[in-house]
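# Coordinate analysis (summary)
If you want the building blocks of each chain, they are given just below.
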Amino acid sequence: MLLSDLTIKKANHLLKRKQISAVELTEHFLKQIDLLDDKICSYLSVNKEAALQQASAAQKAIDSDESSILCGIPVSIKDNICIKDTKTTCASRILEGFIPPYTATAAQNLISEGAVILGKVNMDEFAMGSTTETSYYKKTSNPYDINYVPGGSSGGSAASVSAGLALGSLGSDTGGSIRQPSAFCGVTGIKPTYGLVSRYGLIAFASSLDQIGPIAGNVEDCTFLLDAICSYDNKDSTSIRRNDLSYSSYIGMDISNMKIGVPQEYFAEGLCSDVRDSVQNALKVFENLGARVEFFSIPSIKFSVPAYYLLSSAEASSNLARYDGIKYGYRSEDSKTYLELIGKTRAEGFGLEVKRRILLGTYALASGYYDEYYKKALKLRTLIKNDFNRAFGKYDILISPTTPTTAYLSGKTLDDPRSMYLADIYTVAANIAGLPAISLPCGYDEKGLPIGLSIMGRHLGEPDIIKAAHAFEATFTKKKPVIN
Amino acid sequence: MEKGTIEYFAKLARLELDSRELDLLAEDMTSIIALMDTIKEIDISEINESYDFTKNNAAKNYSNSLRSDDPEVSMDAEDILKNAAIKLENAFVVPKVVE
């Protein structure tokens, strides 16, 4: 049986028709991980025994005809999402050996649907980075060319799906961390509206920006995962109470008459020509599908990167104050005083990028700097949010590239944090304004590396971005990676 | 940024830095703060800050949701303590803080 072109939907059909068992399906993915993950290095931990037990339980549900679409589907989970009794490191030394005593709501929702958790996947340390190179444990490779990075911070999630080592994954997105690696690895990822998916059990980076979301091989598979993970949760005070929607029901819906806005600031200097051409071709496709495409301006976009880094770093400096070596994780040895213990534990436990962000956040919040940095960034947040809300009074969706370039060569970017921060210009506004956005493949550069198309929606506008993304996807021929 | 300034903020954040990190971070922070300083180009003094992010102007069904303050079963002390590097009976162990 050919399992190389599997999707969640196809796997579900095979399982329902008894053409494959859930255990055989999980065994296939575990074998692929054994075969290929030495090269891709997407997994930080694989729990074969637990995965096979879950598959066996899923088979019972399938046999009793009481299973959902995700029952028996093998998935990977980013290592900042807690699963009870499963090692969760956030790719940081400071959480080495941490075994959570509870499970994140989003992961629990997948488990309750019968999904099989293959393992935990790599990421930038504390989700701070865009290459997955800041992980303390290993560097993940891009399945399209192992000399290139998979993007980040959910690089392990995107690479595991792209390489056929999971049918779907949960990532998290604070400033583009689902969409950018999805773009680099030629897969599809959704950053949901802030509050749609519970953050309970997601190790906090920047609480007002963090959001868990799905990564999968296509738009429809993402909607199956999204349907499962979004639920009201009284353990997260920002959780949205909403009427139940089935996002997968928007697949295949007509988009003629859809109004599409294209912020011209996203086509400025620094955008590489292959990316520009592919996105412009995509805009033509939307016009051919009957949508109206219009360029317009949101001048406040130019402040989105500094506003994002001030806010996210300020929140991170506070959130990461909890790591003192006492209650859990890594603890430095031989400290004589309490302060020495904390200082040494954090010096040895955090990597350089995390230290950079903690310092920036401490600076932005410090007495004498608070008003001109943190408070002003909060005002910019209002400005950007209002500007995007105004745009969505006129347009149904906004389209842009997901990233200014395709994937970077490994080891070439870590020395220049400022340039890396600036590359987040296309993704951070969705987090600042709390809006949903999807990235899906729309082309390949001259080296064969994937190009991502970003579609942003209004608040709770997931149906619009799903309809539009699926309509485009139906016209686009994807190229699978050849791993060698 | 001056190394002394980095050391000051590192102390506030309880981060010990070695001399290599101090050199690197002093250089990085200069260019990062220059990027942050671009927000000074715009005067938005009349705009309010977004403190409560659960309020979005475009959303009606959206407000901070708090559960009622009822007692619930908590995690076992044993579960909480199992991740501590050093523990004694039912407690976390810290270096001596009183002389």
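See above for the structure.
A brief look at the structure comes next. Numbering of residues begins from 1 in every chain and follows the order in which that chain's sequence is written. The lettering of chains begins at A and the numbering of ligands begins at 1, in the order of writing. It should be noted that, the model being predicted, local features are given only for residues of pLDDT at least 70 and side-chain atom pairs only at 80 or more, the latter also being counted only at that level, while totals for whole chains, interfaces and linings use all residues. Note that water and hydrogens are dropped before the side-chain values are worked out from all heavy atoms of the structure.

With that settled, the discussion passes to the overall build of chain B. Helix and strand definitions follow DSSP, with helices as H or I runs of at least four residues and strands as E runs of at least two, each counted in order from the N terminus. Within chain B one finds three helices and two strands. Element order for chain B, N to C, with α for helix and β for strand: α-α-α-β-β. A burial count over chain B gives 29% of its 99 residues as buried. Note on contacts: a residue pair is in contact if any heavy atoms of the two residues lie within 4.5 Å. Expressed as a percentage of contacts within chain B between residues at least 6 apart in sequence, the contacts between residues at least 24 apart total 13%. Working note: accessible area of chain B is about 6,900 Å², and carbon and sulfur atoms make up 51% of it. For every residue, the accessible area obtained with a 1.4 Å probe (protein chains only) is divided by the maximum for its type, and the residue is called buried under 20%, exposed over 50%, and partly exposed between those limits. Method for areas: the Shrake-Rupley scheme with a 1.4 Å probe, in which residue coverage is limited to the protein chains shown.

Attention now goes to the packing of aromatic side chains. Only Phe, Tyr and Trp rings are paired, with Trp represented by its six-membered ring, and only when their centres lie within 6.5 Å; those with planes under 30 degrees apart are stacked, over 60 edge-to-face, the remainder tilted. Inspection of every chain in the model, using the stated rule, returns 24 aromatic pairs over all chains. Taking the centre distance of 6.2 Å and the plane angle of 35° together, the rings of A:Y144 and A:Y444 count as tilted. Placement of A:Y144 in the loop between β3 (116-121) and α5 (155-162) and of A:Y444 in strand β10 (residues 437-444) is noted, with a sequence separation of 300 residues between them. On the numbers, 5.1 Å between centres and 70° between planes, the contact of B:Y8 with B:F9 is edge-to-face. On the basis of relative accessible area, B:F9 is assigned to the buried category, the value being 3%.

What follows concerns the sheet that holds β3(A). Residues and elements named next belong to chain A. At least two DSSP bridges between two strands are needed for those strands to be called paired. With mixed pairing, the eleven strands of this open sheet are ordered in space as β1-β3-β2-β4-β6-β5-β10-β11-β9-β7-β8. Edge positions in the sheet fall to β1 (43-46) and β8 (292-296), since each of these pairs with one other strand and no more. This sheet shows a mean twist of 30° between the axes of neighbouring strands, independent of strand direction. Sheet analysis places strand β5 (residues 188-191) next to β10, joined by three bridges and oriented antiparallel. Note on β10: the bridge partner recorded for G189 is S439. For every element, the axis is a line fit to its C-alpha atoms; helices are fit only across the contacting stretch, and the angle between N-to-C directions ranges from 0 to 180 degrees. Each of β1, β2 (74-78) and β3 is contacted by helix α2 (residues 22-40), which is oriented at about 20° to β3, the strand it contacts most.

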